Number of protein chains: 2
Amino acid sequence: MSKSNLLSAPASPVGEVIAALTPHFGERLSTAPAMREQHGHDESWHETAPPDAVVFPQSTEEVARIVRTCAAHRVPVIPFGAGTSLEGHVAAIHGGIAIDMSRMTALKRVSPEDLDCTVEAGITRKQLNAQLRDTGLFMPVDPGADASIGGMVSTRASGTNAVRYGTIRENVLGLTVVLADGTVAHTGGRARKSAAGYDLTHLLIGAEGTLGVVTEVTLRLHGIPEEIGAATCSFAGVDQAVATVIETIQSGIPVARIELLDDVMVRACNAYSGLSLPEQPMLFLEFHGTAAGVAEQSDRVAALAEANGGSGFAWSTRPEDRSRLWEARHNAYYAALALEPGKKGFTTDVCVPVSRLADVIAATRADIAATSLTAPLVGHVGDGNFHLILLVDPEDDANMAEAMAAHDRLVTRALDAGGTCTGEHGIGLGKQHYLAREHGDALGAMRAVKQALDPHDIMNPGKMLPPAG
Amino acid sequence: MSKSNLLSAPASPVGEVIAALTPHFGERLSTAPAMREQHGHDESWHETAPPDAVVFPQSTEEVARIVRTCAAHRVPVIPFGAGTSLEGHVAAIHGGIAIDMSRMTALKRVSPEDLDCTVEAGITRKQLNAQLRDTGLFMPVDPGADASIGGMVSTRASGTNAVRYGTIRENVLGLTVVLADGTVAHTGGRARKSAAGYDLTHLLIGAEGTLGVVTEVTLRLHGIPEEIGAATCSFAGVDQAVATVIETIQSGIPVARIELLDDVMVRACNAYSGLSLPEQPMLFLEFHGTAAGVAEQSDRVAALAEANGGSGFAWSTRPEDRSRLWEARHNAYYAALALEPGKKGFTTDVCVPVSRLADVIAATRADIAATSLTAPLVGHVGDGNFHLILLVDPEDDANMAEAMAAHDRLVTRALDAGGTCTGEHGIGLGKQHYLAREHGDALGAMRAVKQALDPHDIMNPGKMLPPAG
């Protein structure tokens, strides 16, 4: 306390919070402009909004200390994982304290017998899988970016192999969370299932940091498959590729990944990753299983692809071939951005029932073709989820208006098909009006939950829920 | 309105509700003692508490009408499915209106392309699967009893094949629900995944009717397997049977069901279902897949069982053999009750990490052996979940006290092992103090959610959450 008295007199609630936290956190609290700027934006087009300070806690108790202090002064708290979100989730639009979780990366416990582990929320998925390798287990959820587990929980992330292993929602058993008043609560547990009380675990998954700060996560793990095979196949048109996907899913073939890239995206990947794939719509596939199982799955998908006019079905179980292919897929977002240097990515994220995927994609591509927009398409089509990466210049009003209008038509098309405005990126800043359109009759209950658990609206304020009235 | 004026003057809020609803519902509202008594209890030992009236709505709008009327008069609302719950969930301990869902049983929509359907919540799982048969699809969650889908949602049910297909939690895509103020809200949707807003679907799954009345459910479906095989195997002791289960799960063999019955339970099933199984601990198994896959799974489990001293491993793909076996398993609860006619079933429901299952079961059996209790054991051991069916006479204080004490020691053992007091039955009336023990630090958040969504505590009051203070 004496140390804080040496600082200049606090001029505001957030100044008081900084003064109160500095004696404890020392150099682990920063107000440096570069640090604040870095924590004020994610990987999307959304405008940077720097927090007033960034704190690097090392334990749940330290997170609780920060939240308690912020609560006392009604100062916003913005959890920050790896900064790879795509809807402006970390932008400190009302100022406040960013909690950078990057020093909470411990793998606290792993149980090969139970196929589960407990991690601190700041660990990234690649860090976790590197540490798990010797156990023969892996954490399958893979949104592409090397996101933190806490960030993946908070945005309800999924990615390329959700079609087989589920999203983060199906792979979390329990959480440690710091609630808005600083209470530390443990939700769920280590049992595979429980019917004890309200499912706060799933309420917090996808809550985008608006109900609490996730500090630890108990995760289901899966055995690393004996054999992994990768395949690619080109199609004359997107329709035929999508038909192959639908037939694969309906046949119950347990593909681990089945990803669609349209011709524009293949061209971008070729340029960015030094590949020479045919610049046509393409499926990237991955098969997991025994050697015989992988071969059987591959043969069955090859037959479906051929029946849909697919050409050049090529598959391999060589790790180097797989790595090269999936590295290119993972870099698709950056490859898209490189198509028009200087532009930003405005990523759409609709998800529709698989039976409606072909017509929604066809209508969307026709729609985009009638605009001046560049918009490569990539999708986790086994789940009915696809992304357009609209290349935009946020300074160019006409360009932004055209992108917004195309997005609006896309969301309308998805909702009309029984789908959702966001399969895996979340609402954040960019989709609040669509949340109202999609879940209008449930919005009152969502607001009531937020009000109950965060009555002073300090937890990542201004995100997810649209302004009232 | 004129009709209600002909009734005797309402003497109480519930009288006013009955008077207000009668003109609309006519004979679909009953205050007959037998009807009320039948709706005041489930299949457990918990005491009957009749509602003041039972109403049979035929649509979501009618449910909303009932709830709005009850809300206006602050009268309790108790949703009633098939009455097969085991923790007193339907007992109207504060009186009020039971909403019997048995006239809302429509299969509203099925999409074989998307492997999903939407049903009214009153349909039972057997009714649903009978209607689905021609589509080649089925709804796998199977708690044994022919529960209603709405009841299964509200108790977070699972059962014998959760080990392969997940619990109801993993098989619900969206809900229609009438909230405490009569608002009709739609949660989730038909997309396989969504990151749009708070996960109210999962908040309502397992909420035991305390947050709203579920009126429609969108469910994931699964293809009926090409081949189904069933097997049994006997063991000298429970330990060896459990070791076989653990090794099966850890080997990643995708068994559809793997159920343990101890010697007492096998004896009960022999007597009740006219079987002649060896009266030793036993595993009942089911395998789903292609003919080759089922044979391979069966061979692998047989080898594991043999290595653990299992004897008489017998398997069959004949439907009549399977039906007989699983019918016996499904009737285990009634078989247990028949061991001591006149007694009631007090069913325990702990679930622990699979690695701890053997020692928790061993300690529990030793504990029971030192009491005067009869307590056959049956379990969904692939999930770490097992039940003792304690045979009790609720009128016999000493007997009840002994059962309660044994249950208390069992829950303590399970919580110490990282488990839960309830894997699939829920909290209801019987486990509120254990909810506090298991999730004490999260109880405040649970209470806040309840207060936010049901401020006047009319939705199944007195269930799940322990009394405050």
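Below you will find a few notes about this structure. No experiment lies behind these values; they were computed from the predicted model shown.

**Focus: the overall build of chain A**
The secondary structure content of chain A amounts to 18 helices and 18 strands. The C-alpha atoms of chain A give 23 Å as radius of gyration, which agrees with the globular expectation for 469 residues (23 Å, within 12%). With respect to the principal axes defined by its C-alpha atoms, chain A has extents near 75 × 55 × 45 Å. Expressed as a percentage of the 469 residues in chain A, the buried residues total 62%. Taking all contacts inside chain A whose residues are at least 6 apart in sequence as the whole, residues at least 24 apart take part in 72%. A total of about 16300 Å² of accessible surface is found on chain A, and carbon and sulfur atoms cover 51% of it. Taken together, the 37 basic and 55 acidic charged side chains of chain A have centroids lying 4 Å from each other.

**Topic: the pattern of salt bridges**
Per the counting criterion, the structure on display carries 52 salt bridges over all chains. Measuring nitrogen to oxygen at the nearest pair gives 3.4 Å for the salt bridge that ties E320 of chain A to R318 of chain A. Note that D367 of chain B is salt-bridged to R413 of chain B, the shortest N-O span being 2.6 Å. Placement of D367 of chain B in helix α15 (residues 357–369) and of R413 of chain B in helix α16 (residues 397–416) is noted, with a sequence separation of 46 residues between them. Taking relative accessible area as the criterion, R413 of chain B reaches 18% and is therefore assigned buried.

**Looking at the sheet that holds strand β12 (residues 227–234) of chain B**
Residue and element names in this part refer to chain B. Taken in spatial order, the seven strands make up an open sheet running β15-β12-β14-β13-β17-β18-β16, and their pairing is antiparallel. Every other strand in the sheet has two partners, leaving β15 (311–316) and β16 (344–347) as the edge strands with one partner each. Averaged over all adjacent pairs, the angle separating strand axes in this sheet is 20°, with direction ignored. When strand β17 (residues 377–380) meets strand β18 (residues 385–392), the two strands line up antiparallel, connected through four bridges. Pairing of G379 across the sheet is with F386, part of β18. Docked against the sheet, helix α10 (residues 238–250) engages β13 (257–261) and β14 (282–289), running at close to 165° with respect to β13. Helix α12 (residues 291–307) contacts β12, β14 and β15 of the sheet and is inclined by roughly 155° relative to β14.

**Some words on the interface of chain B and chain A**
At the interface, 66 residues of chain B touch 66 residues of chain A. Summing both sides of the interface, chain B and chain A together bury roughly 5300 Å²; the carbon and sulfur share of this comes to 60%. Contact with chain A buries area across many residues of chain B, yet K193, A195 and Y198 of chain B alone supply 17% of it, more than any other trio. If you look at where chain B meets chain A, you find six salt bridges. Measuring nitrogen to oxygen at the nearest pair gives 3.1 Å for the salt bridge that ties K193 of chain B to E424 of chain A. The leading source of residues in the side of chain B that touches chain A is helix α18 (residues 443–453) of chain B, at seven residues.

**Considerations on the relation of the copies chain B and chain A**
The transform that puts chain B on chain A rotates by 180° and translates by 0.0 Å along the axis, for an RMSD of 0.0 Å. One copy is carried onto the other by what is essentially a two-fold rotation axis. Looking at chain B, 100% of its interface residues are interface residues in chain A too, so the copies touch through the same face.

**Thoughts on unusual backbone geometry**
Negative phi values dominate among residues other than glycine, just as trans dominates among peptide bonds. Unusually for a residue other than glycine, L115 of chain A sits at a positive phi of about 55°. Considering the arrangement of structural elements, one finds L115 of chain A in the loop between β5 (107–111) and β6 (116–120). Among the residues examined, L115 of chain A registers a relative accessible area of 16% and is labelled buried. Within the chain, M464 of chain B stands out as a residue other than glycine whose phi angle is a positive 65°. For M464 of chain B, a relative accessible area of 0% puts it in the buried group.

Thresholds, definitions, all that
Residues numbered from 1 in each chain as written. Chains lettered and ligands numbered in written order. Predicted model: local features only at pLDDT ≥ 70, side-chain atom pairs only at ≥ 80, totals over all residues. Heavy atoms only, no water. Helix = DSSP H or I, 4+ residues; strand = E, 2+ residues; numbered from the N terminus. Rg over C-alpha atoms; globule rule 2.2 N^0.38 Å. Buried < 20%, exposed > 50% of the residue type's maximum accessible area, 1.4 Å probe, protein only. Contact = heavy atoms within 4.5 Å. Areas by Shrake-Rupley, 256 points an atom, 1.4 Å probe, with all protein chains shown as cover. Lys, Arg positive; Asp, Glu negative; His and termini not counted. Charge placed at Lys NZ, Arg CZ, Asp CG, Glu CD. Salt bridge = Lys/Arg side-chain N within 4 Å of Asp/Glu carboxyl O. Pairing = 2+ DSSP bridges. Axes fitted to C-alpha atoms, helices over the stretch in contact; angles between N-to-C directions. Buried area = accessible area lost by both parts, 1.4 Å probe. Least-squares fit on C-alpha atoms with pLDDT ≥ 70 in both.

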